[in-house]
Amino acid sequence: MKTEKMNFNPANQIQDLEQFGEFGGVNPAITDSATFTFMQAKTMLETFTGEEKGCFLYSRHWNPSNKFLADAMAAMEGTEAAWVTASGMGAITNAIMQICNSGDHIVASRTIYGGSYAFLKNYLPKFNITVTFVDITNIERVTNAIQENTKIIYTESMTNPLLQISDIPTLAEIANRAGIQLMVDNTFTPMIISPAKLGAHIVVYSMTKFINGKNDCVAGAICGTTEFISSLIDVNNGTSMLLGPVLDPLRSSSILKNLHTLHIRMKQHSSNAMYLAQFLQKTGLKVIYPGLPEHPQHELFKSIMSKKYGFGGLIAIDVNTADEAGNLMELMEKAGVGYLAVSLGYFKTLFSNSGKSTSSEVPENEQKEMGMSDGLIRFSVGLDDDIERTAQKIEACLKAANLL
Ligand code: PLP
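Just so you know, these numbers come straight off a predicted model, no measurement behind them.

Visitor: Is there a simple way to explain the sheet that holds strand E9 (residues 314–318) in this structure?
Guide: Where strands meet in a sheet, backbone hydrogen bonds hold them as pairs that are either parallel or antiparallel. One open sheet accounts for 5 strands, arranged E8-E9-E12-E11-E10; its pairing is mixed. Only two strands of the sheet have a single partner each, and these edge strands are strand E8 (286–288) and strand E10 (339–340). As paired elements, E9 and strand E12 (residues 376–380) share 5 bridges and run antiparallel to each other. By the bridge assignment for E12, Asp318 is matched with Leu376. Across the sheet, helix H14 (residues 322–334) lies against E9, E10, strand E11 (350–353) and E12, angled at about 160 degrees from E11, the strand it touches most.

In structure tokens:
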């Protein structure tokens, strides 16, 4: 598995795509249509029944612009197919609901994006689907949590916000042994980690983040086998077809163009984050960054990553209390370090206090249990050309906040 991963180059996969516009445009044309006409009634019927696969029917099902982006995502992940959604949550919830029925069970990492946590913990019980949250780095706990009715192991490659690394090859082995699906949210580490190449069955994304990189829309993707993707858009019982979280084709078209610069952006995000992590660590602050040798999964990360894209653009620092975090973030915004904002993967640096924002759905006692402190600030490090200057600004803010 690891050898295959090493030979896999997600950027080459994207570069090799030959996707042309209708009139030879170097970018695929935007298909600005909700519905599609047929020359023969029979072909329409066959498209409905799935016998005819070459025609477009209705844009909630497939649209050519969405197909171009979905094909590019599948190429990048090395999966047979993909489908694009109107948000990352649309991707996560649809993929889960397609697999699970009433009475089923999921084993999930307890450190995941707050929205995913809330969906699993608060929303799924309405459908009689139960979830056991575990420390995903504790393989024994994961194995022991699997029940007869378990259908999915759900995790993030790099978990939000504690930046733990999931051992995808081992989790895939556990899933295969139990005959269940390993679903991985790879939002934090596109290209750096290729979960499907490491054995994951389904890969989900918030394309809102690094994939698009421009913070101008929300979007998501589900990557998997042709069989699974087709099941999602089955006209009779496909979750995506029936719940309808389809991405707008205008957006697909702009995200596709941004996907072609992802490899360059990931390298710059990672090298800037590494610089800041080392700089902040030297000041004596508590820093979490998977690129630092002290990170508990540093060696694991090295063994499953594509090294040339680096260790990712996310770092977290701990300044003890939410008030101190708030004060520091306000100072950093004024100093031009970046923006006090949720989300990540943007060209400018974004920072937020996870416990009071993107993980606020996780109850405080559970935040404590998973090791998330009140003063945790998550940085999504931007594409700054002069990261040394940014580091100096942060240092000045830390001093002004009496944290150094
Ligand atoms: N997955 C992760 C890891 C995230 O951080 C987020 C959002 O912050 C999501 C999924 C949800 O994505 P979206 O906001 O595009 O619905």
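Next comes the rest of the write-up.
Visitor: Before we go on, may I ask you to explain the site of the ligand in this structure?
Guide: Lining the immediate environment of the ligand, one finds 15 residues, of which Met89, Asp185, Ser206, Thr208 and Lys209 sit closest. Between a nitrogen atom of the ligand and a side-chain N or O atom of Asp185, the distance comes to 2.6 Å. Ser206 has a polar side-chain atom sitting 2.8 Å from an oxygen atom of the ligand. For the ligand, whose free accessible area comes to 390 Å², the fraction covered by protein is 91%. Looking at which element gives the most residues to the shell around the ligand, the answer is helix H5 (residues 88–99), with 3 residues. Counted by class, the shell around the ligand contains 6 nonpolar, 6 polar and 3 charged residues.

Visitor: Even after reading the chapter, I still don't get helix H12 (residues 262–282), so can you show me in this structure?
Guide: Given a rise of 1.5 Å per residue, 21 residues ought to cover 30 Å, and the 30 Å separating the end C-alpha atoms of H12 matches this to within 8%. Where H12 is concerned, the buried positions are Leu262, Arg265, Met266, His269, Ser270, Asn272, Ala273, Met274, Leu276, Ala277, Phe279 and Leu280. Tucked into the core, H12 has its buried residues touching helix H4 (64–77), helix H11 (249–259), E8, E9 and helix H16 (387–400).

Reading the values: the criteria
Residues numbered from 1 in each chain as written. Predicted model: local features only at pLDDT ≥ 70, side-chain atom pairs only at ≥ 80, totals over all residues. Heavy atoms only, no water. Pairing = 2+ DSSP bridges. Helix = DSSP H or I, 4+ residues; strand = E, 2+ residues; numbered from the N terminus. Contact = heavy atoms within 4.5 Å. Axes fitted to C-alpha atoms, helices over the stretch in contact; angles between N-to-C directions. Near = heavy atom within 4 Å. Polar contact = N/O pair within 3.5 Å; in protein donor to acceptor, adjacent residues only side chain to side chain. Areas by Shrake-Rupley, 256 points an atom, 1.4 Å probe, with all protein chains shown as cover. Nonpolar A, V, L, I, M, F, W, Y, C, P; charged D, E, K, R; others polar. Expected span 1.5 Å × (residues − 1). Buried < 20%, exposed > 50% of the residue type's maximum accessible area, 1.4 Å probe, protein only.

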